[in-house]
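Coordinate inspection notes
Residues per chain, in single letters:
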Amino acid sequence: MACVYIPVQNSEEEVRVALDQLPRDASDILDILKAEQAPLDLWLVIAREYFKQGKIDQFRQILEEGSSPEIDEYYADVRYERIAILNALGAYYSYLGKIETKQREKEEHFILATQYYNKASRIDMHEPSTWVGKGQLLLAKGEVEQAFAAFKIVLDGDRDNVPALLGQACVEFNRGRYSDSLELYKRALQVHPDCPGAVRLGIGLCRYKLGQFEKARQAFLRVLQLDPENVEALVALAIMDMRTNKAGGIRRGVEKMHRAFEIYPYCAMALNYLANHFFFTGQHFLVEQLTETALAVTNHGPTKSHSYYNLARSYHSKGDYEKAGLYYMASVKEINKPHAFIFPYYGLGQVQLKLGDFRSSLSNFEKVLEVYPDNCETLRVLGHIYVQLGQMEKGQEFMRKATKVDPRDAQAFLDLGELLISSDTGAALDAFKTARGLLKRGGLEVPVELLNNIGVIHFERGELELAEQSLKEAVGDGIWQSFIEGKVNVGAADATACTRIYKDMQIFTQLEADNVNLELPWNKVTALFNLARLLEQLHKMEIASILYRLIIYKCPDYIDAYLRLAAISKARNNIQLSIELVNDALKVNDKCPNALSMLGELELKNDDWVKAKETFRAASEAADGKDSYSTLSLGNWNYFAAMRNEKRAPKLEATHLEKAKELYTKVLVQHNSNLYAANGAGVVLAEKGQFDVSKDMFTQVQEAASGSIFIQLPDVWINIAHVYFAQGNFALAVKMYQNCLRKFYHNTDSHILLYLARTHYEAEQWQECKKTLLRAIHLSPANYVLRFDAGVAMQKFSASTLQKSKRTADEVRSAVAELQNAVRVFSQMAAGANLHYHGFDEKKIDTHVGYCKHLLEAAKVHCEAAQREEEQARQRQELARQLALAEEARRKAEEQRKKQLEKRKLEDEQKRVQQQEEHFRRVKEQWKSSTPASKRRERSDADDEEAGHSEKRRRKGGKRRRKERSSKSQYEMEEAEAEVDDQEYEDAPLNYRDPADQMHDQDDNAEENAQDVLAAAGLEDSDAEDEAVPPPNASRRRKAWSESDEEEEERRPESSPVRENSAELQESDGEFKPDNEKLNQDEAVEDED
């Protein structure tokens, strides 16, 4: 028992997984692999085992999970295993694409395979296995040259890569280059001499194709040397011997059979092979003798089974089905499993199918299919059996598989198309086209039936040009070709003949008199009818009618031709001729449901309700109630009878509606997908007021009809809109009417426009109603109902406008104009009322005219009132406008004034700055031209005295400041006193000196004062200091001044030393004051610290 062991993460334990007992749900294994972070090679081993067991979904699930982005991210360093998983997925999808028959699905599989191979290449673009897989994919796609390039890439890197060599050999074999293929096979054997015998079979086939029969024989002999019991090699050698059609070759073939018997331990096997050989030669006596001998000498079950099989096959070929069945059954009993020997089951199934025992035959062929799932004959037989048993889907499935197994079997594609034509026309068309291509490539004649089916499917799909090509190819050459090309004149001579042209057969009598060949083969009648139907669809009515008449002339019992001529007459409103043609069809078959149903419709057109009812009933009875169309026609008759305008009786109406519902339901029971019956049932429910239920039914019918390209059902769209209208949901009703009008009628149907206008009217959208009616009048100018409705809409719009509490003069004038238009419309209709053109009551029209004129008179008052209101509103608006303008002017003036003030302030500031600069320049010049140093010393002595007095006063202030810091509880009271003291000390330096002394100093020592001012401002002249060194008392004075400044700045943070010396400088030193203030503040903070 094979097992794999998954190591447990962070442990030395392992999880044992038995490969022959893998769980059905692959998620369990995936959970273990993810949880334990198992190596990716274990993922691949488990996935491969699932594939071997036929569990494809689990196989794909594990590999797709193993190639997910999360796994790629976690195992980023693992390269080879990730590539192997991706290549396995690529190979899987390559295989699916290779066996798929539908082009779209085939391309999808190939795209997926390409994606996986490309992803593997992104991991390592040089990995040989990836390129080998790509080559196999390209081979499956038929891109032989690209496959050659892919294999060449591998061989360029490793010329001894065996898979690449074998792939290249296949490419060359498919190219027809058997010599190159042979060389590649030989190279593969040289690299890997232990290759299976099948490789040597490839060599033998290449030799055989090259005509090197002896070397091919040697290859097959070598296969037998490697595998002495290789049946394929023995069969190949026997075929080669027997294909010589010479006694010696046949003798050698028999010897091969004898040799096979010698290899096998029982002599009966040789007898069976010899019996098989003589069966194909038709020597049934020898077959029976050899098999009976074999049965006599052995008790081995399989051998006896083979003997019974040969004996049964002999009787089968002679037509003795009863004996053949008995021997087939005996052969089956001798084996335990079908896999041991399946041919008796196949023969037994054939005999049972011939005898009509479908169930037993099905069971035996299914057993054959289990052993040989790709056997084309078995698949086709099973498809036919399932069809006979009524299981169409299974029958189609087996037919599809048969076409995949043998894509060159035209009959298989024909059978498949016949099965699919009722359910999937697209697939049926593909099958028919494939069969036609295979027949043409094989040089065989394409059946008319096949071409006819292709043309009909194209016609139903709306592909009229392709349908015409196929149908013309089906009918071939004949007199109809002359009719189509216009070589024969078929026109009528006069107007009377034109009305009877569809029953005129004289043209064919005249052509026969002129020795024109009018032969119409029986197998082309249906194709010619379909071609005429196509021409009718292309609006080539004359040519279609002549072809229909030709069919009637040559085949008078062809009822469908009569009915199509009747339909053409009905379309041209020639009801009487149409009825005559239908009666001619009924002369051929008076129980034809189609003819009776059409006759009933024509009688309804003639308003002959009683006859129509009887005709519809006869049509239903003719089909034993199984004809849906006749039953639907009866249901429609009852509905129309209930809705007739004249003499509507409630009881009779309810009876007819109930009967219509019953008939519609009957059709739905028989055919639950009949859209017309479902639509009719919904209409009846809507008439009964069950709007929600009817709307659901209409919606389902709409969805079903939208999903089909063959059904155009605008009625259901209109019915849904009617339901919305009845429920008062006018917006949705309008939308549905508009969609239907655009989708089915290209906005050109007056009836739907009338429905739409009525919806707008009920929604009180008078202008939209009028516009819609004008569109309808444009399409149907002779319909006076539309004109009357347009007049009513204009009248209603005007009345509603005049009844509004607030309306403008423009609205009133618009209402007056609409009233005038309505009066003109009603007056025109009143003028023609006595001619009975439109059937309106003249008094009713006069009433509308009078009402509109009355509204016109009343509108004058409304118009004057509206004008007065408009004038008053205009005056109010003008006054408000003037006020707004005045306010805007005031605002602009204020903004201008502010701008001027800001500009003036800026100019003043600039002027002040210029004055300060000029002042300092003058002071500097005065200092440079000052008196000698003696005067400066006198000034310094006076300054020392001032500094001494100033120092004493500052020290007193300093003591008071220290008092404040020692008493924090009285902080708020002392703060006010400190401010008073600060103000006193701030003024003290200015009043320190006596006024007389100040005046004296200003008169005598102006230059020294200027020098002191510059020194206090930090603008001393360095040259002056060099010329005259200040005396010691001057330095002491500066030191005292500096100390007093430190004491004073604690009390006067905003004071400046400049203020002690010059009142004039105080006014002009604004440029320096902020810096001095900051300096004083910083010094005060330092003093506090």
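Residues numbered from 1 in each chain as written. Predicted model: local features only at pLDDT ≥ 70, side-chain atom pairs only at ≥ 80, totals over all residues. Heavy atoms only, no water.

Looking now at the overall build of the protein chain. On a plain count of helices and strands, the protein chain comes out with 54 helices and 2 strands. Counting only residues that meet the buried cut, the protein chain has 42% of its 1089 residues in that class. Taking contacts inside the protein chain between residues at least 6 apart in sequence as the whole, the part at least 24 apart equals 54%. Summed over its atoms, the accessible surface of the protein chain is roughly 61,100 Å², and 50% of this surface lies on carbon and sulfur atoms. (Helix = DSSP H or I, 4+ residues; strand = E, 2+ residues; numbered from the N terminus. Buried < 20%, exposed > 50% of the residue type's maximum accessible area, 1.4 Å probe, protein only. Contact = heavy atoms within 4.5 Å. Areas by Shrake-Rupley, 256 points an atom, 1.4 Å probe, with all protein chains shown as cover.)

Opposite charge on two side chains permits them to pair, given that their charged atoms come into close proximity. Taken as a whole and assessed by the stated rule, the structure comprises 35 salt bridges. For arginine 533, the salt bridge identified is with glutamate 536, shortest N-O distance 4.0 Å. Of this pair, arginine 533 and glutamate 536 both sit in helix α30 (residues 525-537), separated by 3 residues, roughly a single helical turn. By relative accessible area, which is 23% here, arginine 533 ends up partly exposed. The residue lysine 770 makes a salt bridge to glutamate 818 at a minimum N-O spacing of 2.8 Å. Pair noted here: lysine 770 is in helix α43 (residues 766-779) and glutamate 818 is in helix α45 (residues 809-831), with a separation of 48 residues, a long-range link. Taken individually, lysine 770 and glutamate 818 each receive the classification buried, so the pair is uniform in this respect. A single network of salt bridges, built from pairs that share partners, joins Glu145, Glu172, Arg175 and Arg177. (Salt bridge = Lys/Arg side-chain N within 4 Å of Asp/Glu carboxyl O.)

As a further point, take the nonpolar core. Judged by nonpolar contacts, the single largest core of 74 residues is most densely connected at Phe483, Leu528 and Val582. With residues near it in sequence (within four places) discarded, valine 582 still touches Leu563, Ala566, Ala595, Met598, Leu599 and Leu602. Judged by nonpolar contacts, the second largest core, of 46 residues, contains Leu632, Ala677, Ile720 and Ala793. (Core = buried A, V, L, I, M, F, W, Y, C linked by side-chain atoms within 4.5 Å.)

Attention now moves to the packing of helix α33 (residues 575-588) against helix α34 (residues 593-605). Packing of α33 against α34 brings their axes to within 10 Å, and their N-to-C directions diverge by 155°. With respect to each other, α33 and α34 are oriented roughly antiparallel. Where α33 crosses over α34, the two elements pack in a sense that is left-handed. Counting all contacts with α33, which are made through Ile575, Ser578, Ile579, Val582, Asn583, Ala585 and Leu586, the residues of α34 involved are Ala595, Leu596, Met598, Leu599, Leu602 and Lys605. The class makeup of the residues in the contact of α33 with α34 is 10 nonpolar, 2 polar and 1 charged. (Axes fitted to C-alpha atoms, helices over the stretch in contact; angles between N-to-C directions. Parallel < 35°, antiparallel > 145°, perpendicular 65-115°, else oblique. Left-handed = near helix turned anticlockwise from the far one by under 90°. Nonpolar A, V, L, I, M, F, W, Y, C, P; charged D, E, K, R; others polar.)

Most peptide bonds take the trans form, and the phi angle of most residues other than glycine is negative. Positioned with a positive phi, asparagine 515 is a non-glycine residue whose angle comes to about 60°. Mapped onto the elements, asparagine 515 comes out in the loop between α29 (506-513) and α30. In the Ramachandran plot, histidine 539 falls in the positive-phi region, its phi being about 65° despite a non-glycine side chain. Here histidine 539 is to be found in the loop between α30 and α31 (541-554). Residue classification places histidine 539 among the exposed residues on the basis of a relative accessible area of 66%.

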